[in-house]
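Results of the structural survey
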Protein chains: 2
Amino acid sequence: MQDTPDAPSETGHSLDPDDWSAFRKRAHSMLDAAIDHVESARDRPVWTPVPDDIKAAIAEPLPMDPQGTDKVCEDLLTQVLPYATGNTHPRFSGWVHGSGAPGGIIAEAMASAMNSNLGGRDHGANYIEHQVINWMKTMFDFPSTSSGLVVSGTSIATVIALSAARYAKADYDIRKQGVRTDKRRLVGYASSEAHSCIARAFDMLGLGIDALRTVPVNDAYEMDIPALRRAIEKDLAAGHQPFCVVGSPATVNTGAIDDLNAISEVCQEHDLWFHVDGAFGAIAAMNDNLKPRFTGIERADSIAFDFHKWVHVQYDAGCVLIRREDLHRKAFTLRPEYLTAAPRGLAGGNPWFCEYGPELSRGFRALKVWFHLKEHGMHKILQKVEDNCQQAVYLGALVEANPHLELLTPVSLNICCFRFVAPAMDDAALNRLNEEIVMRLQESGVAAPSTTKLNGQLAIRVNITNHRVTKSDFDLLVKEAVKLGKECTV
Amino acid sequence: MQDTPDAPSETGHSLDPDDWSAFRKRAHSMLDAAIDHVESARDRPVWTPVPDDIKAAIAEPLPMDPQGTDKVCEDLLTQVLPYATGNTHPRFSGWVHGSGAPGGIIAEAMASAMNSNLGGRDHGANYIEHQVINWMKTMFDFPSTSSGLVVSGTSIATVIALSAARYAKADYDIRKQGVRTDKRRLVGYASSEAHSCIARAFDMLGLGIDALRTVPVNDAYEMDIPALRRAIEKDLAAGHQPFCVVGSPATVNTGAIDDLNAISEVCQEHDLWFHVDGAFGAIAAMNDNLKPRFTGIERADSIAFDFHKWVHVQYDAGCVLIRREDLHRKAFTLRPEYLTAAPRGLAGGNPWFCEYGPELSRGFRALKVWFHLKEHGMHKILQKVEDNCQQAVYLGALVEANPHLELLTPVSLNICCFRFVAPAMDDAALNRLNEEIVMRLQESGVAAPSTTKLNGQLAIRVNITNHRVTKSDFDLLVKEAVKLGKECTV
């Protein structure tokens, strides 16, 4: 291969450093700071608010002149690094956040160096994404002919899956004509405990939030299957077109597990698309001891799930699997002249990933997933899932044994919802009290659970998707919550 | 703050390394490999196909047992790193890819260590994203009351912008009711040269690809404004509801620049949403010498653009700006109980970013943008933009001076479309010939342009969004293209 000498670019400088060895030295010191941050996760407060002087320092004008690598690195170390979300800490249990793992630092640094665009073409990064998708097919017992995509998370995965469902079930060309309300209206079903990303997908796809019918739950917060059947019959009678049902292998509020087998049967009877919203729960279905509770997941038409939650890959990373590749591709493909594939060369590699989702430029987030799964192996990752479920049971027992605390729903999987109780306080007062307890827990830096409401009662919601936490952390959480509750009620 | 001792997790091991110092040593050696990769970008072939034995090695079964950090790193170095897309190389000019910059390696490693989720809550990463958005408001002369979001790229940014447009202009509650075809049909307009992401957004949003009216272009491939007016009048006469026009500050095929001022005036007359698809072109509008050609961009209701193209931030990173924050938020907000904000603590920080786009979990891609803009400053980044435009003119002149080459359209911005010509060959034969030339250029590793078709003629399309390229690289490209063209026609 011929080449030109290492010429400077036109105006004397590219964006590369003038002094590579100084850059390299600085990068190594930043890598140490990054690793220190993860290694010392337990030694810090879970969460620290951003001080006002730091907020003021961040609010600088748009930089017109170069500040240089050293200055930016110093600013990063002082203005940004100390104020992370907190989910790398063992006692973070708010919402559903994964902990991440240090290997992700290596994978992301390397993905950044490669700067690959996985929208299409024929290059190495695509083979890694295909491999991650193939592994997921194996994991969920999906056929090798099925398809998938590594995406930013379950929200986008859900949009993709329901877009394919919409395309598959509409009896007109919905891509060209759009959603038609002069035809039978497309309607879908999910339980009242389903995640808001389902309604959001109905909204985005132009189906309308109202077209997602809310199926009530039973006492265990699981979808009421007879009620699902009644809702479908009612819509059919009204001249609508039921097209999909969404099941949850773990609801976000309480970790309840819908009867996926029963939902699948209803879908078969009515020729509906069966989508599984597996955001964090799907992974639990892969643990041998938990598997029996998730039977039916392998019958889904599509599954959406996250790697950045219970798999602990760094944010952001999720995946969608779709049983029928042809429907998936036909729901998204759009290839103008400037994206035409070639028989050979860089423009080869058909079909391109951009034919399976909304994004044309696609970063190499598959690399951190590939790295993580190889580094740790599924057995160990699934063992941590099981540990978390046992820890939730442990916490539930601590709560039940404590006269100041009340369990608000039985522990189902990895989530424990409880509250501090005090005599002579009604629900409204208890709601305010428990919100205050959670804020103080966070402000103290000791622990970071979140809150939710169950039947109007505000719960301290402890979601355990954390590979660093131990049972003694829950002893401390309970002790501190009770202490704060007492302080607030004297 | 009280704490427990550094206890191992329940089954003896978290996903953290047993030996941090060995992990750290390996991470440093991988960092060197990452930096080497960028520093030596010019010394490699632009592109190398993935060999079959590497494909076979990648296709291993789902890893159940841990392979360990060392093994995974070795696999990464041998199976992945050598086969990047090629866009870090000075002579990559295919499609529209940015080159990236080495500082991104530091930023991404640090973002990975923090593992922040920017969907919401009150923590440091959010302030960095807000700051990046504020900088972009300054850059595009948007009011401080406007809103924005850092996203994966223009595709998602377009979906967000047109979703806000759809919400703002529909005379019914489109989020609840969905797109209604029993009402006046919502229709929009873009030129025949507009990027496919616009049609895709119409598809995804349930408006239908047909609802995006294709406005013809003039000889310079710019939107024909009188034709736009006629199309709107026709739709109004037919009882439809025009709601938006999309202008391109640089089309993907030829770099043509729509008359944004004229489009803005049409939008004002008809109360339409003016969206600018600024994927790579919007940044050029910020260069003082190029600015006059883009007048009107500051009048947009929304702008979608990429950081990973002409700004050279690593993949993936883009942005949407929306003039009216209230419409942006109302088009997306959805806050169930488990996402309720608190007055204090980690659950503070209203409004949350998840109220402005489709994703609830959001990675810290804002960090690499913040890092890059501070490290290099806008002046230097915009100087590289101007360099690229001058290089396109230079290449155009080389083409015109060469009897074997034909310029297929005048150079408009940073794109040069040309072809090799040979006596007595018709367009069909020339199309095959020029496709072959491009494939051989890529296979040789010397250069990687892409192709497109202009009026049925296949063009060698050289898109210059590269901060490492120099004029001598184009001398070499032309020399090699002519050499290959001659080889193919003997």
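Going along each chain's sequence as written, the residues are numbered from 1 onward. Chain letters start at A and ligand numbers start at 1, both assigned in the order the entries are written. Whole-chain, interface and lining totals are the exception, using all residues; otherwise, since this is a predicted model, local features are given only for residues with pLDDT of at least 70 and side-chain atom pairs are given and counted only at 80 or more.

**Quick word on the overall build of chain A**
A run of H or I in DSSP counts as a helix once it spans at least four residues, and a run of E counts as a strand once it spans at least two, with each numbered from the N terminus. The secondary structure content of chain A amounts to 14 helices and 12 strands. Computed over its C-alpha atoms, the radius of gyration of chain A comes to 25 Å, within 12% of the 23 Å expected for a compact globule of 490 residues. Seen through its C-alpha atoms, chain A measures out along the principal axes to roughly 80 × 60 × 45 Å. With C-beta atoms placed from the backbone, the exposure class of a residue follows from how many other C-beta atoms lie within 10 Å of its own: 20 or more, buried; 12 or fewer, exposed; in between, partly exposed. Per-residue burial over chain A gives 60% buried out of 490 residues. Residues are scored as being in contact if the C-beta atoms we place from backbone atoms lie within 7 Å. Expressed as a percentage of contacts within chain A between residues at least 6 apart in sequence, the contacts between residues at least 24 apart total 73%. The globule rule is 2.2 Å times the number of residues to the power 0.38, and the radius of gyration it is compared with is taken over C-alpha atoms.

**Thoughts on unusual backbone geometry**
All names here are of chain A. Residue Asp 316 follows Tyr 315 across a cis peptide bond; omega there is -15°. Here Asp 316 shows up in the loop between strand S7 (302-306) and strand S8 (318-322). With an omega of -10°, the peptide bond running from Asn 350 to Pro 351 counts as cis. Looking at where Pro 351 falls in the secondary structure, it is placed in the loop between helix H11 (325-330) and helix H12 (366-401). Positive phi is not limited to glycine here, since Tyr 221 has a value of about 65°. Note that Tyr 221 resides in the loop between strand S4 (212-215) and helix H9 (225-237). With a phi close to 50°, Asn 455 is a non-glycine residue in the positive phi region. Tracing the chain through its elements places Asn 455 in the loop between strand S11 (448-454) and strand S12 (457-463). Judged by the 8 C-beta atoms lying within 10 Å of it, Asn 455 is exposed.

**Let's talk about the relation of the copies chain B and chain A**
The operation relating the two chain copies consists of a rotation about an axis and a shift along that axis. Our superposition of the copies is a least-squares fit, built on the C-alpha atoms of residues whose pLDDT is at least 70 in both. By a simple turn and slide, chain B fits onto chain A: the slide is 0.0 Å along the axis, the RMSD is 0.0 Å, and the turn is 180°. Both copies of the chain, as the preceding transformation shows, are related through a two-fold rotation axis. The fraction of interface residues of chain B whose copies in chain A are also interface residues reaches 100%, indicating that both copies meet through the same surface.

**Overview of helix H4 (residues 103-114) of chain B**
Multiplying 1.5 Å by the residue count of a helix minus one yields the expected span of that helix. With 12 residues, H4 of chain B extends 17 Å from end C-alpha to end C-alpha; this agrees with the ideal 16 Å at 1.5 Å per step. Along H4 of chain B, 12 of the 12 residues are buried, which leaves the element largely enclosed by surrounding structure. As for H4 of chain B, its buried residues are in contact with helix H1 (20-39), helix H3 (68-80) and helix H4 (103-114) of chain A together with helix H1 (20-39), helix H5 (124-139) and helix H12 (366-400) of chain B. Once H4 of chain B finishes, Asn 115 of chain B follows within two positions and takes phi at roughly 55°, a positive value.

**Considering H12 of chain A**
The terminal C-alpha atoms of H12 of chain A lie 44 Å apart, and with 36 residues this falls more than 12% below the ideal 52 Å at 1.5 Å per residue. Approximately 85° is the largest bend angle found in H12 of chain A, and it occurs at Gly 377 of chain A. Note on bend: at a given residue it equals the angle between the axes fitted to the 7 residues ending there and to the 7 starting there.

**Side note on the nonpolar core**
By our criterion, buried Ala, Val, Leu, Ile, Met, Phe, Trp, Tyr and Cys residues that link up through C-beta atoms within 7 Å make up a nonpolar core. If you look at the biggest cluster of nonpolar residues, it comprises 330 residues, and the most contacted ones within it are Met 110 of chain A together with Met 110 of chain B. Reported domain spans reflect what an automatic or database domain assignment gives. No fewer than three residues from each of domain 1 (116-363) and domain 2 (376-489) of chain B sit in this core. If we ignore the near neighbours within four places in the chain, the residues touching Met 110 of chain A are Leu 367 of chain A together with Met 30, Ala 34, Leu 76 and Leu 81 of chain B.

**Quick word on the sheet that holds strand S8 (residues 318-322) of chain B**
Neighbouring strands of a sheet are bound in pairs by backbone hydrogen bonds; such pairs are parallel or else antiparallel. All names here are of chain B. When DSSP finds at least two bridges between two strands, those strands are taken to pair. Ordered by their spatial adjacency, 7 strands build an open sheet running S2-S8-S7-S6-S5-S3-S4, and the pairing between neighbours is mixed. The two strands at the open ends of the sheet, each matched to only one other strand, are strand S2 (147-151) and strand S4 (212-215). Here the strands of the sheet are splayed against their neighbours by 20° on average, with no regard to which way each runs. In this structure, strand S7 (residues 302-306) lies alongside S8, joined through 5 bridges in antiparallel fashion. Paired with Ser 302 across the strands is Ile 322, a residue of S8. Note on geometry: axes are C-alpha line fits, over the in-contact stretch for helices, and angles between N-to-C directions span 0 to 180 degrees. Lying on the sheet, helix H6 (residues 154-169) is in contact with S2, strand S3 (186-191), strand S5 (241-247), strand S6 (273-277), S7 and S8; it crosses S7 at an angle near 170°.

**Quick notes on the packing of H1 of chain A against H1 of chain B**
Relative to each other, H1 of chain A and H1 of chain B sit at 145°, their axes nearing to 10 Å. Crossing geometry of H1 of chain A relative to H1 of chain B is assigned as right-handed. On H1 of chain B, the residues touching Trp 20, Arg 24, Ala 27, His 28, Leu 31, Ile 35 and Glu 39 of chain A of H1 of chain A are Trp 20, Arg 24, Ala 27, His 28, Leu 31, Ile 35 and Glu 39 of chain B. Crossing chirality is assigned from the near helix's rotation relative to the far helix, an anticlockwise turn below a right angle marking it left-handed and a clockwise turn marking it right-handed.

**Observations regarding the interface of chain B and chain A**
It is common to give the size of an interface as the accessible area that goes away when the parts come together. Listed per partner, the contact involves 172 residues of chain B and 172 residues of chain A. For this scheme, ten residues count as nonpolar: Ala, Val, Leu, Ile, Met, Phe, Trp, Tyr, Cys and Pro. Four count as charged, namely Asp, Glu, Lys and Arg, and the remainder, Gly too, count as polar. A class-by-class count of the residues in the side of chain B that touches chain A yields 74 nonpolar, 60 polar and 38 charged.

**Things to note about the confidence of the model for chain A**
All names here are of chain A. Per-residue confidence for chain A averages 95 on the pLDDT scale, and 98% of its residues sit at or above 70. A residue's pLDDT is the predictor's confidence in that residue, given on a scale from 0 to 100. Segment residues 1-7 is flagged for pLDDT under 50; beyond a separation of four residues in sequence, or across chains, it makes 13 contacts in the model. In the predicted complex, the global pTM is 0.97; the interface-specific ipTM is 0.97.

**What to know about the environment of Asp 326 of chain B**
Residue and element names in this part refer to chain B. Assignment of secondary structure puts Asp 326 in helix H11 (residues 325-330). For Asp 326, a count of 12 C-beta atoms within 10 Å corresponds to the exposed category. Separated by 224 residues in the primary sequence, Asp 326 and Pro 102 place their C-alpha atoms 38 Å from one another.

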